[in-house]
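So you can see what is in the structure, the chains are spelled out below.
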Amino acid sequence: NRWLTCRSLPPGALERIADTVADRVRVPWFAGAVKVNVSLVPPLVLLPVFLHVAALHFLLGLVILTSLPVVVLWYYYLTHRRKERTLFFLSLGLFSLGYMYYVFLQEVVPRGHVGYSQVVALTCGLILMLAALSRAKKDPGYLPIPASNEKSSHQGLPDDSVRGSSNGLHSVTTSGAASSRAVNGEAKGYSRMSAAEPEGVRKDWCAKCQLVRPARAGHCRLCGRCVRRLDHHCVWINSCVGEQNHQAFILALSFFMLTSVYGITLTLHTVCRGRTPFVALFYCPGAYSDYSSALSFTCVWYCAIVTAGMGYILLIQLLNISYNVTEREARLALRDNTGRRLLGGLVIDTGQYNRGFLCNWGHFLSLGSSPPQRSAEDIV
């Protein structure tokens, strides 16, 4: 009624409406109606519709393929600002893979220009990527919450006399309480390390998980847990990237890039005969001669946009590994003006853990190879 009469809505009305709709969306089942996560529905419904509409005309394809990244970025900003976990991006990624593979088999392979071995190679790349993604979805390296602190961890912050460091490098002391502030969802203003504590055992206190965490560990505000060597929270896998799954995350990105580029190349060689893939991507006169070619060409452009975005993420990850810095450490270094911008700002070198290219990659490849040692504080 307020919307029809052009009156303003009370604060929080849209959120309550969305929560009510999400609670009412259920699927009948034998043991009772099953609640469906609303964030799973838009990719399953809207992506095929948008791609089929974009295949009707060149201008429609230009408008839709330009607006799709804008809508995804807007939704990411909305969920990031509200500090919410969502399955939208994971659902969009998985359904995009499945639907692109379906279009490839239905529209491209029947034309007879793609061999059996090429289809097998593309399928194997897709399976390997999904296997790596499944491994990346597992435990990223969550720090166990002590049983005695599980209850207190849900009752707010500890006493003001207990603080931790803002960068994961300083230890807990019983004196010198600093002012507390929140940046990126982590408790800040921790007390400084005791001068008598050795350099190699620097720790800090997480006020939310009520535990002492090792160096380079961080608290994820979306997962609500502390993670060893926290890199970042990836919305595309709906999980953190940390010490235990960072290798699998890089492997999944690499397999995705190889499979996607190979699929784009095979499709362009079929739809735009006689042209190189790069030229055919921008100039393919016969792409809209029939609906099948138009749909294949539209899906190629959609894959190219997604691949470009994932390629940028992979590039940043490879550069960070080469300098032995995590995304979290880079953000903190930028905030505190303690890092150096290199390669046009693509990487932030903190200089703290950088031991050279080969040593940095050797350290990364050995992540999770041995179980973490428990410190004296954890044992006590």
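Structure shown above.
Treat the numbers as computed from the prediction; the structure is a model and nothing was measured.

What follows covers the overall build of the protein chain. For the protein chain, the helix and strand inventory stands at 11 helices and 12 strands. Here the protein chain holds 380 residues, and the buried ones make up 40% of them. If you sum the accessible surface of the protein chain, you get close to 21,100 Å²; carbon and sulfur atoms cover 64% of it.

A few words on the pattern of salt bridges. As enumerated under the stated definition, the model contains four salt bridges in all. Its salt-bridge partner being Asp-290, residue Arg-111 comes within 3.5 Å of it at the nearest N-O pair. Residue Arg-111 is found in the loop between α4 (88-108) and α5 (116-136), and its partner Asp-290 is found in the loop between α7 (277-282) and α8 (291-322); the two are separated by 179 residues along the sequence. With relative accessibility at 32%, the residue Asp-290 sits in the partly exposed group. The closest approach of N and O atoms between Arg-335 and Asp-336, which form a salt bridge, is 2.9 Å.

With that settled, the discussion passes to empty space enclosed by the protein. Any empty space left between atoms is shown by rolling a water-sized probe over those atoms. Throughout the structure, instances matching the rule amount to one cavity of 30 Å³ or more. Of the volumes computed, that of the largest cavity is approximately 60 Å³. What lines the largest cavity is simply Tyr-76, Thr-79, His-80, Glu-84, Arg-85, Thr-86, Leu-222, His-233, Val-235 and Asn-238. A per-element tally of the lining of the largest cavity places helix α3 (residues 58-81) first, with three residues. Split by residue class, the lining of the largest cavity holds three nonpolar, five polar and two charged. Both domains that meet at the lining of the largest cavity, namely domain 1 (41-138 + 244-321) and domain 2 (205-237), each give it at least three residues.

This part is about unusual backbone geometry. Working note: non-glycine residues mostly have negative phi, and peptide bonds are mostly trans. A positive phi angle is found at Gln-210, which is not glycine, with a value near 60 degrees. The class for Gln-210 is buried, based on a relative accessible area of 9%. The backbone of Asn-337 sits at a positive phi, close to 55 degrees, despite the residue not being glycine. Mapped onto the secondary structure, Asn-337 falls in the loop between α9 (327-336) and β11 (340-342).

Thresholds, definitions, all that
- Numbering of residues starts from 1 in each chain and follows the order in which that chain's sequence is written.
- Local features in this predicted model are restricted to residues of pLDDT 70 or higher, and side-chain atom pairs are both shown and tallied only at a pLDDT of 80 or more, whereas totals for entire chains, interfaces and linings draw on every residue.
- Side-chain descriptors were evaluated using all non-hydrogen atoms of the structure, hydrogens and water having been removed beforehand.
- By definition, any uninterrupted DSSP run of H or I lasting at least four residues is a helix, any uninterrupted run of E lasting at least two residues is a strand, and each is numbered from the N terminus.
- Partly exposed describes any residue whose relative accessible area lies between the buried limit of under 20% and the exposed limit of over 50%, with all areas from a 1.4 Å probe on protein chains only and scaled to the type maximum.
- Note on areas: these come from Shrake-Rupley sampling with a 1.4 Å probe, and a residue is covered only by the protein chains present in the view.
- Basic side-chain nitrogens of Lys or Arg form a salt bridge, by our definition, when they fall within 4 Å of a carboxyl oxygen of Asp or Glu.
- Put plainly, a pocket is an open set of points on a 1 Å grid over the protein atoms alone with protein on both sides within 12 Å along at least five of seven lines, a cavity is a set where a 1.4 Å probe fits but cannot get out, and a lining residue has an atom within 4 Å of a point.
- Grid points are joined across faces, edges and corners, and a volume is the space filled by probe spheres set on the points.
- Under this grouping Gly is polar, as are all residues other than the nonpolar Ala, Val, Leu, Ile, Met, Phe, Trp, Tyr, Cys and Pro and the charged Asp, Glu, Lys and Arg.
- As annotated, the domain borders come from an automatic or database domain assignment.

Shape is all these values report; function is a separate question.
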